[in-house]
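For reference, the chains in residue letters:
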Amino acid sequence: MGGEPTHFKMADSIPLQPVRNLQKRQEYYPGRQSRYQVEDESSNLDEMPLMMSEEGFENDESDYHTLPRARITQKKRGLGWFVFGGWKLLCTSCCDCLANICRRKKQLKARTVWLGHPEKCEDKYPRNAIKNQKYNLFTFVPGVLYQQFKFFLNLYFLVVSCSQFVPSLKIGYLYTYWAPLAFVMAVTMIREAIDEFRRYQRDEEMNSQLYSKLTIRGKVQVKSSDIQVGDLIIVEKNQRIPADMIFLRTSEKSGACFIRTDQLDGETDWKLRVAVCCTQRLPALGDLFTISAHVYAQKPQMDIHSFEGTFTREDSDPSIHESLGIENTLWASTVVASGTVIGVVIYTGKETRSVMNTSNPKNKVGLLDLELNRLTKALFLALVVLSVVMVALQGFVGPWYRYLFRFILLFSYIIPISLRVNLDMGKAAYGWMIMKDDNIPGTVVRTSTIPEELGRLVYLLTDKTGTLTQNEMVFKRLHLGTVSYGTDTMDEIQSHIIGSYAQGNSSHSYSTGSSAGTTPSSKTATSAPKVRKSVHSRIHEAVKAIALCHNVTPVYESRAGVNGETEYAEADQDFSDENRTYQASSPDEVALVQWTQSVGLTLVSRDLSSMQLKTPGGQILPFIILQVFPFTSESKRMGIIVRDDSSGEITFYMKGADVVMSSIVQYNDWLEEECGNMAREGLRILVVAKKSLTEEQYQDFENRYNQAKLSVHDRSLKVAAVVESLEREMELLCLTGVEDQLQADVRPTLELLRNAGIKIWMLTGDKLETATCIAKSSHLVSRNQDVHIFRPVMNRGEAHLELNAFRRKHDCTLVISGDSLEVCLKYYEHEFVELACQCPAVVCCRCSPTQKAQIVKLLQLHTGKRTCAIGDGGNDVSMIQAADCGIGIEGKEGKQASLAADFSITQFKHIGRLLMVHGRNSYKRSAALGQFVIHRGLIISTMQAIFSSVFYFASVPLYQGFLMVGYATIYTMFPVFSLVLDQDVKPETAILYPELYKDLTKGRSLSFKTFLIWVLISMYQDVDEFAAVFRMEILFGIFPRLANEEHMLMTLCDVVSAPVSTLAILPIESIV
């Protein structure tokens, strides 16, 4: 295009380096490319009204990589930056650098793995152990001390305590300062040690799971943590795969198996895995040790969707070489869904795909702790000012700098060290209350330092599969155009099916004048709408089409042989309905076939060339499979051509999404309307159609189809064109609506969270259509809200156009894929996050585990608000650990997310009470507790200031020894700690009015305003108390007696190093 703008050419040439291949993005929108070509030719980006800056379009190509973050991170770093937090950043960076140097991170390399011979491995590989611990035996003490003394409060008291070793600065007993500090550190270390021990126990539980290891002597039981690279591991059905393996052998006849990967990538579809041909053909398991074979595997990497390797057998002539791809792999954290598999371990521990996609656990600090840390800095500033004032009023006589430091020590109780003790004890009490709440049974507090974070959340990022949904598909609706059947009327369909087959042969019971062998397809297509079929026959045709058009395979459990191997003899298999299970790449397919079974038409067997259905009367209907056109994300439909073995009739069945099927089926006036109605209910819709073919028509199609498959150039396009020649004027049979069963009370829980001011983002690895359906069915998207689907983008120009289109939308939910998100964040990070945060809800589909954690960090960086992540799978661990507050749900497939989370719950609905009741109470109680403890310290410090002022600004302690220690701990412990049990509203009220939670996000319970109010209260009470003491002393004549105590004056003189005449100018009683 000669007239295309220069900056557009520049943008298109930029390597985007996406997480996955960006070529796949256009599969959701087949017509997207033409749309952009038109707009690119007619649009000038510089003339469009933009919210975002376009400065990058005039920059060099090298500037594109740093453009988004430049506006945020390029700040002036002067002395002010260093004083106000820069020093901490520099210290943290230095510590990280030292840690990386000490760790000596091993360089990842490709490897050759010999089957069953771990001892032949050239390098040492990491242990296959799950580890969620923050410390080890050597780093525990320094690590905990660093985490504690990075807070200004603890660092201040460490300096104050160390100053007491200097004789000229000593103003009391050493235990007065060191005992409280040691107690605080002891309590903290004990709490951290308990948390670490609990993490160790949970990790040990996972690492102790037993697996069968194949050796020369037979099978032996081995712990998951003891599995090594090169071991041959046997994994049973529904068992978690412990390490990354190459699939060698299976008990399935086909040499393939299905695995569930929702714990790895969040996708609900089952994945088909194929065993290595060379090892699958071996007669027995023991032959794996008789051959000399090895696997060459690429170096470990994060990409879970690709793998490159080779399998080589050297003892054959010639040597057998077999290429290995992703279809030959069994990644850790996936679950075997069919049969028994045997694999050779190639990656263990930290080198597995699942672990490489998770981040290391970090020490989380609550926002309340940071706010209290800022208040202690303000108190320290006030302390220094007060000390300077006291020395100034003294006249800067003598060694005034020493007096200044002594005053700082005297007033140190303004910053109470007991604050940390009281807060930590309060947090322990909050955790105990959460775990003892009968309304949320099974809840576990795994991190006891951040319960207040539950009361400050603004963004909730949730997984879909297993968190909002149960990943159990349920058939909900069958629509025939004039009549609709729901779950409460399925018995009518069943009676129709029973009646159809009770009349005799099914091919005659529903025939409406068309005959397979005599009637041409075109005549059938034109005559079918004119002959109005009865509901009875329409139901029969629809159910039969659903029972035939799929890729489901029935599986029957096999009996185990003597040596543990599966026997394949037909006599050893049980073909009863109770022993039958269905397998497919999609749970939607299984739900449809299970529904046809429930209404009377059962799929009993299937192989590559045939399938059999069983009628309600027990009659077997054989069908020959002629062609299968599998479902793809690009075509959004699947088809099958079958021949009825009894009548010879050939039928082409097809089902797919309404957006593509509407142009394939015959004209009708109800499809679009009913699809919209079912979509608003959150159902996953499929349109089912059929077309009868004559023998001549099919033979003509088969010849053209086979010729297209043999084409060398543009094979896929030619094959698609031949198939599309059949997809014309098909007879519309029905609509099916399948619902992914939601977790209990998901809808009211999401409504509760929205009313509490929490914005909900759904991050899932599933498909765009599936994620959109769940967002609607769970009411994450309100009925009156629009949904804006962000079109797939591949370069900066397309992202620019889509962001402009999105900017014009108001009050709509954003749905975006992970690949498009990657491009937007590369060029328009700040602008995209700003637009997305204005949406009431956001749905991100096809997200990798790393992208989930990246989104959490972006929200933290750009908004500064508190985030919470909730999930149930291993693919959610990174997101959970990156969030300010991580919540894990104990899922069906494992506890990996639950073990890595700060809080563990059993159901999603429990999050409502966890936040509205316990989070709110924890924050308000800790805020009141912290300010009251500061108030208590201000009282004693103000009395000290008045005392020193009365006695000529002498730096003499008012109270010494155990009195001060007791005042800060035992004497006032119960009144202060009673705030932990404070409750302003009942739990029922907090849940009934979630708007009460919204006020907490503003931080009004603990702010400089409330802090100053507490300071004024402290000063008023101090003056009042000191005046009352003076009145009592005058009343009982205490001061005259003190005036005669000469040692009192001598003590004061010794302290201030001044002559007696300085203090003897006025009698002490005259001071009153």
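Model, not experiment: these values are computed from the prediction.

(A) Representation of the overall build of the chain. Along the chain, the regular secondary structure elements total 40 helices and 33 strands. A separation threshold of at least 6 residues defines the contact pool for the chain, and within that pool the share at least 24 residues apart is 74%. With the model as given, the accessible surface of the chain reaches about 47700 Å², and the carbon-plus-sulfur share is 57%.

(B) Main features of the environment of Gly864. Within the fold, Gly864 resides in the loop between α28 (849–863) and β31 (866–871). Its relative accessible area of 53% is what places Gly864 among the exposed residues. Measuring from C-alpha to C-alpha, the distance between Gly864 and Val458 comes to 9.9 Å, with 406 residues separating the pair along the chain.

(C) Just the side chain of His935, in detail. Inspection of the secondary structure puts His935 in helix α31 (residues 910–950). Those residues within four positions of His935 in sequence are excluded, and the remaining contacts are Trp1014, Ile1017, Ser1018 and Gln1021.

(D) Layout of the UniProt feature "transmembrane region" (unreviewed entry) in the chain. The residues that UniProt annotates with the feature "transmembrane region" (unreviewed entry) are residues 137–159, 171–190, 378–397, 403–423, 933–955 and 961–981. Measuring from the first to the last C-alpha atom of residues 137–159 gives 27 Å, for a span that is 78% helix and 0% strand. A distance of 24 Å separates the end C-alpha atoms of residues 933–955, which is 78% helix and 0% strand.

(E) The arrangement of unusual backbone geometry in detail. Of note, the phi angle at Ser333 is positive, near 80°, even though the residue is not glycine. Relative to the helices and strands, Ser333 is located in the loop between β11 (329–330) and β12 (335–336). Note on Ser333: relative accessible area 6%, which makes it buried. Notably, Glu729 is not glycine yet its phi reads approximately 50°, a positive angle. For Glu729, the position within the fold is in the loop between α22 (715–726) and β26 (731–742).

(F) A look at the side chain of His550. With respect to the helices, strands and loops of the structure, His550 is situated in the loop between α17 (535–548) and β18 (553–556). In this structure the side chain of His550 is engaged in a polar contact, spanning 2.6 Å, whose partner is the backbone oxygen of Ala547. Among the polar contacts made by the side chain of His550, one reaches the main-chain amide nitrogen of Val552 at a distance of 3.1 Å. For His550, the residues in contact, after removing those within four places along its chain, are Glu589, Val593, Leu603, Arg606, Met611, Met638, Ile640 and Lys655.

(G) Region of interest: the packing of aromatic side chains. Tallying each qualifying case throughout the model produces 20 aromatic pairs. Note on Tyr459 and Trp761: the rings are 6.2 Å apart at their centroids and 90° apart in plane angle, and the pair reads as edge-to-face. With Tyr459 in strand β15 (residues 457–462) and Trp761 in strand β27 (residues 759–763), the pair connects residues that are 302 residues apart, well separated along the chain. The same class applies to Tyr459 as to Trp761, namely buried.

(H) Broad picture of the sheet that holds strand β1 (residues 111–114). One open sheet holds the four strands; their spatial order is β1-β8-β9-β10, and the pairing between them is antiparallel. Only two strands of the sheet have a single neighbouring strand rather than two, namely β1 and β10 (320–324). Recorded for the sheet is a direction-independent mean angle of 20° between the axes of neighbouring strands.

(I) Region of interest: the packing of helix α11 (residues 367–394) against helix α12 (residues 400–410). The contact between α11 and α12 brings their axes to 9 Å, and the two run at 140°. When the axes of α11 and α12 are compared, the pair comes out oblique. Between α11 and α12 lies a crossing of right-handed hand. Contacts between α11 and α12 involve Leu383, Ser387, Val388, Met390, Val391 and Gln394 from the first element and Trp400, Tyr403, Leu404, Phe407 and Ile408 from the second. Counted by class, the contact of α11 with α12 contains nine nonpolar, two polar and no charged residues.

(J) Representation of the sheet that holds strand β6 (residues 256–260). Spatially, β7-β6-β12 is the arrangement adopted by the three strands of the open sheet, whose pairing is antiparallel. With one partner strand each, in any of the chains shown, β7 (271–274) and β12 form the two edges of the open sheet. As defined by bridge partners, β6 adjoins β12 across two bridges and the pair is classed as antiparallel. For Ile259, the partnering residue across the bridge sits in β12 and is Val336.

(K) Spatial organisation of the pattern of salt bridges. With the rule as written, the count across this model stands at 25 salt bridges. In this structure, Arg191 engages Asp424 in a salt bridge whose closest nitrogen and oxygen atoms are separated by 3.1 Å. On the criterion of sequence distance, the pair formed by Arg191 in helix α8 (residues 175–207) and Asp424 in helix α13 (residues 418–435) is long-range, its members being 233 residues apart. Side by side, Arg191 and Asp424 carry an identical accessibility label, which is buried. Across the salt bridge formed by Arg754 and Glu751, the nearest N and O atoms sit 2.8 Å from each other. Note that Arg754 and Glu751 are positioned in helix α23 (residues 746–755) at a spacing of three residues, about one turn of the helix. Three or more residues are tied together by salt bridges with common partners; here these are Arg191, Glu192 and Asp424.

(L) Summary view of a nonpolar patch on the surface. A surface patch of nonpolar side chains, amounting to about 380 Å² of accessible area, comprises Leu381, Val385, Val389 and Leu393. Position of Leu393 relative to the elements: it lies in helix α11. A residue is classified by how much of its surface remains accessible, and Leu393, at 53% relative accessible area, is exposed.

(M) Quick look at the packing of helix α27 (residues 829–837) against α28. Axis separation between α27 and α28 bottoms out at 10 Å; the angle between their running directions is 90°. What the angle tells us is that α27 and α28 run roughly perpendicular. Taking contact as the criterion, the partners of Glu829, His830, Val833 and Cys837 in α27 are, on α28, Leu858, Leu859, Leu861, His862 and Thr863. In terms of residue class, the contact of α27 with α28 is built from five nonpolar, three polar and one charged.

(N) Here's a closer look at the nonpolar core. Residues Ile887, Ile911 and Leu915 are the most contacted members of the largest nonpolar core, which totals 88 residues. At 11 residues, the largest contribution of residues to this core is made by α31. Inspection of this core shows a minimum of three residues originating in each of domain 1 (129–210) and domain 3 (459–472 + 743–914). With sequence-adjacent residues up to four places away left out, Ile911 is seen in contact with Leu460, Thr749, Leu753, Ile870, Ile887 and Ile905. Tyr485, Ala545, Leu621 and Val738 belong to the second-largest nonpolar core, a separate cluster that totals 42 residues.

(O) View of the state of the cysteines. On inspection of all chains with the given rule, the structure shows zero disulfides. For the unlinked cysteine Cys837, the closest cysteine sulfur is that of Cys839, found at 8.6 Å. Note on Cys837: relative accessible area 10%, which makes it buried.

(P) Region of the structure containing the pairing of strand β8 (residues 293–297). The buried count for β8 comes to four of five residues, which makes it a mostly enclosed element. Of the pairings in the sheet, the one linking β1 to β8 comprises four bridges and is antiparallel in character. Bridged to Arg111 within β8 is Ala297. The pairing of β8 with strand β9 (residues 309–313) spans five bridges and is classified as antiparallel. Residue pairing across strands places Ala293 opposite Arg313, the latter belonging to β9.

Rules of the game
- Residues numbered from 1 in each chain as written.
- Predicted model: local features only at pLDDT ≥ 70, side-chain atom pairs only at ≥ 80, totals over all residues.
- Heavy atoms only, no water.
- Helix = DSSP H or I, 4+ residues; strand = E, 2+ residues; numbered from the N terminus.
- Contact = heavy atoms within 4.5 Å.
- Areas by Shrake-Rupley, 256 points an atom, 1.4 Å probe, with all protein chains shown as cover.
- Buried < 20%, exposed > 50% of the residue type's maximum accessible area, 1.4 Å probe, protein only.
- UniProt positions renumbered as here; feature names shortened; annotations may be inferred.
- Polar contact = N/O pair within 3.5 Å; in protein donor to acceptor, adjacent residues only side chain to side chain.
- Phe/Tyr/Trp six-rings, centres within 6.5 Å; stacked < 30°, edge-to-face > 60°.
- Pairing = 2+ DSSP bridges.
- Axes fitted to C-alpha atoms, helices over the stretch in contact; angles between N-to-C directions.
- Parallel < 35°, antiparallel > 145°, perpendicular 65-115°, else oblique.
- Left-handed = near helix turned anticlockwise from the far one by under 90°.
- Nonpolar A, V, L, I, M, F, W, Y, C, P; charged D, E, K, R; others polar.
- Salt bridge = Lys/Arg side-chain N within 4 Å of Asp/Glu carboxyl O.
- Patch = residues over 30% accessible without salt bridge, like charges linked within 9 Å, V, L, I, M, F, W, Y side chains within 5 Å.
- Core = buried A, V, L, I, M, F, W, Y, C linked by side-chain atoms within 4.5 Å.
- Domains from an automatic or database assignment.
- Disulfide = S-S within 2.5 Å.

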